[in-house]
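This is what each chain is made of:
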Amino acid sequence: MTDSLTPIKVDIWSDIACPWCFIGKRKFEAGVEEFSRTSATPVEVEYHSFELAPDTPVDFDGSEEDFLAQHKGMSIEQLRPMLEQVTGVAASVGLDYHFDILKHTNTVLAHQALHFAKAHGKQLELSEALFTAYFTQGRHLGRIDTLVELGSAVGLDAEALRASLEGNEYLPAVRADQAQAQAFGIQGVPFFVVQGKYGVSGAQAPESFAQVLTQVDEELGDD
């Protein structure tokens, strides 16, 4: 096994507007917990930007059903069973989704906030806060005021975050993440890259994540 001070690095491409990304986050966390029962090797996580619908306006006029109907070319009647299924899967991992109050928006500012949080050691905390605010609380994450409030709640400097978002400080970092995703051939999220060599696509079962982490742990131990 690896030295306990040498973590296994997991890079996660996701979008806070992706319901499967929050579900995948929970399943991945459960996989890390399972892995940690047999290994002392820490797991280091970094989130990267991926916009599922970059052309979405900040203030989308309509419900999540309206957005998906336009985006996927499906009827509301076709979509409702799908949303009910996703809500059920989310509940199975302890998440309380409310698509009826969800405010669909452009997520580029939220991604910039996550880069700001990463620079200040709070990316994991803000990621959790953004997902919860979006899918459970119906908060508008396309607005700087909301992002600053959520950032402040996890310990970020409110004035510095506001200035960063207003100046698009981390927009180049967002674009760099997206370019890397394209280079990797990532077409959907969540997408997990473990130790820079193994890719795991989608909200897989916890044991799948645990298995990959164990394999990497054993390989590093043989180095």
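Residues numbered from 1 in each chain as written. Predicted model: local features only at pLDDT ≥ 70, side-chain atom pairs only at ≥ 80, totals over all residues. Heavy atoms only, no water.

(A) Structural context of the overall build of the chain. Secondary structure assignment for the chain yields 9 helices and 4 strands. Helices and strands appear in the chain in the N-to-C order β-α-β-α-α-α-α-α-α-α-β-β-α. A compact globule built from 223 residues would reach a C-alpha radius of gyration of about 17 Å, and the chain, at 18 Å, matches this within 12%. For the chain, the C-alpha atoms occupy an extent of roughly 55 × 40 × 30 Å along the three principal directions. Taken across its 223 residues, the chain has 47% of its residues classed as buried. Across the chain, contacts joining residues at least 24 apart in sequence account for 74% of those joining residues at least 6 apart. (Helix = DSSP H or I, 4+ residues; strand = E, 2+ residues; numbered from the N terminus. Rg over C-alpha atoms; globule rule 2.2 N^0.38 Å. Buried < 20%, exposed > 50% of the residue type's maximum accessible area, 1.4 Å probe, protein only. Contact = heavy atoms within 4.5 Å.)

(B) Spotlight on the pairing of strand β3 (residues 191-194). Of the two faces of β3, both are covered, the one formed by Phe191 and Val193 as well as the one formed by Phe192 and Val194. Looking at chain direction, strand β1 (residues 8-14) and β3 are connected through 4 bridges and run antiparallel. Note on β3: the bridge partner recorded for Asp11 is Val193. In this structure, β3 lies alongside strand β4 (residues 198-201), joined through 4 bridges in antiparallel fashion. Its bridge partner lying in β4, Phe191 is registered against Ser201. Counted along the chain from β3 to the antiparallel partner β4, the turn is 3 residues long, and its residue Gln195 has a positive phi close to 55°. (Pairing = 2+ DSSP bridges.)

(C) Here's a closer look at unusual backbone geometry. Here the amide bond leading from Val189 into Pro190 is cis, since omega sits at 5°, within 30 degrees of zero. Within the fold, Pro190 resides in the loop between α8 (171-184) and β3. Of note, the phi angle at Asn168 is positive, near 55°, even though the residue is not glycine. Position of Asn168 among the secondary structure elements: in the loop between α7 (158-166) and α8. Phi is positive for Gln195, close to 55°, though the residue is something other than glycine. Assignment of secondary structure puts Gln195 in the loop between β3 and β4. Here Gln195 falls in the partly exposed class, since its relative accessible area comes to 28%.

(D) Structural detail: the environment of Pro172. Structurally, Pro172 can be placed in helix α8. Spatially, the C-alpha atoms of Pro172 and Ser63 are 30 Å apart, while their sequence positions differ by 109 residues.

(E) Just the layout of surface pockets, in detail. Within this model, the largest pocket holds a volume of roughly 430 Å³. Taken together, 22 residues form the lining of the largest pocket, with Pro19, Trp20, Leu52, Leu68 and Lys72 sitting closest to its centre. Among the secondary structure elements, those contributing two or more residues to the lining of the largest pocket are α1 (19-36), α2 (64-72) and α3 (76-92). A per-class count over the lining of the largest pocket returns 13 nonpolar, 6 polar and 3 charged. (1 Å grid on protein atoms, 1.4 Å probe; cavity = no way out; pocket = protein on both sides within 12 Å on 5 of 7 lines; lining within 4 Å. Points joined across faces, edges and corners; volume = space filled by probe spheres on them. Nonpolar A, V, L, I, M, F, W, Y, C, P; charged D, E, K, R; others polar.)

(F) Inspection of the nonpolar core at higher detail. Counting 49 residues, the largest nonpolar core has Tyr97, Leu126 and Leu130 as its most contacted members. Put simply, the parts of the chain that give this core at least two residues each are α1, α2, α3, α4 (108-119), α5 (123-135), α6 (144-153), α7 and β3. Among the elements that make up this core, the one with the highest residue count is α5 (7 residues). Non-local contacts of Tyr97, meaning those with residues more than four positions away in its chain, are made with Pro19, Phe22, Ile23, Val86, Thr87, Ala90 and Phe135. (Core = buried A, V, L, I, M, F, W, Y, C linked by side-chain atoms within 4.5 Å.)

(G) Looking closely at empty space enclosed by the protein. Under the counting rule described, the total for this entry stands at 1 cavity of 30 Å³ or more. Here the largest cavity is characterised by a volume of approximately 50 Å³. Surrounding the largest cavity, Ser14, Tyr47, His48, Ser49, His111, Leu114, His115, Gln123 and Asp177 form its lining. When grouped by side-chain class, the residues that make up the lining of the largest cavity number 2 nonpolar, 6 polar and 1 charged.

Without other data, these values stay purely geometric and don't point to any function.
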